[in-house]
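# Examining the three-dimensional arrangement
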Amino acid sequence: MDATPAPDSRKAELLKFVFLAFVFIPVLSVGVVAAYGFAVWIYQMFAGPPGM
């Protein structure tokens, strides 16, 4: 058995890492923060602003 990975699989792994690190995780983070802000906004429409 050869312990070194094939060059194609290393390239694919690097592309997956770049996609996850620079595309998927930032988009997911922005989406979570936006969803939380939207939920607070909707809640405040029914419950009123804080301190009332």
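All values derive from a computational prediction rather than experimental measurement.

Quick notes on the rules
Residue numbers restart at each chain and count upward from 1, following the sequence in its written direction. For a predicted model such as this one, the threshold for reporting local features is a pLDDT of at least 70, and the threshold for listing and counting side-chain atom pairs is 80 or more; totals across whole chains, interfaces and linings nevertheless cover every residue. The basis for every side-chain value is the complete set of non-hydrogen atoms in the structure, without hydrogens or water. Elements are defined by DSSP. Helices are runs of H or I of four residues or more, strands are runs of E of two residues or more, and each kind is numbered from the N terminus. Based on C-alpha atoms, the radius of gyration is set beside the globule rule, defined as 2.2 Å times the residue count to the power 0.38. Accessibility here uses a 1.4 Å probe with only protein chains present; expressed as a share of the type maximum, an area under 20% marks a residue as buried, one over 50% as exposed, and anything in between as partly exposed. Without a salt bridge and with relative accessible area above 30%, a residue can belong to a patch; like charges are then joined within 9 Å and nonpolar side chains (Val, Leu, Ile, Met, Phe, Trp, Tyr) within 5 Å. For accessible areas, the Shrake-Rupley method is used with a probe of radius 1.4 Å. Any residue's cover is judged against the shown protein chains and nothing else. By definition here, a salt bridge exists when the distance from a side-chain nitrogen of Lys or Arg to a carboxyl oxygen of Asp or Glu is within 4 Å. Take the residue count of a helix, subtract one, and multiply by 1.5 Å to get its expected span. Bend, in this description, refers to the angle at a residue between axes fitted to the seven residues ending there and the seven starting there.

A word on the overall build of the chain. From N to C terminus, the chain includes 1 helix and 0 strands. Here the C-alpha atoms of the chain give a radius of gyration of 21 Å, more than 25% beyond the 10 Å that 2.2 N^0.38 yields for 52 residues. Overall size of the chain, expressed as C-alpha extent along the three principal axes, is 70 × 20 × 15 Å. Residue burial in the chain is summarised as follows: out of 52 residues, 0% are buried.

On the surface, a nonpolar cluster with roughly 1,200 Å² of combined accessible area is contributed by Leu14, Phe17, Val18, Phe19, Leu20, Phe22, Val23, Phe24, Ile25, Val27, Leu28 and Val32. Position of Leu14 among the secondary structure elements: in helix H1 (residues 7–47).

Moving on, we come to H1. The end-to-end C-alpha separation of H1 is 58 Å, in line with the 60 Å expected for 41 residues at 1.5 Å each. Along H1, the sharpest change in direction is near 40° and occurs at Leu20. Directly beyond the C-terminal end of H1, a positive phi value near 90° is found at Gly48.

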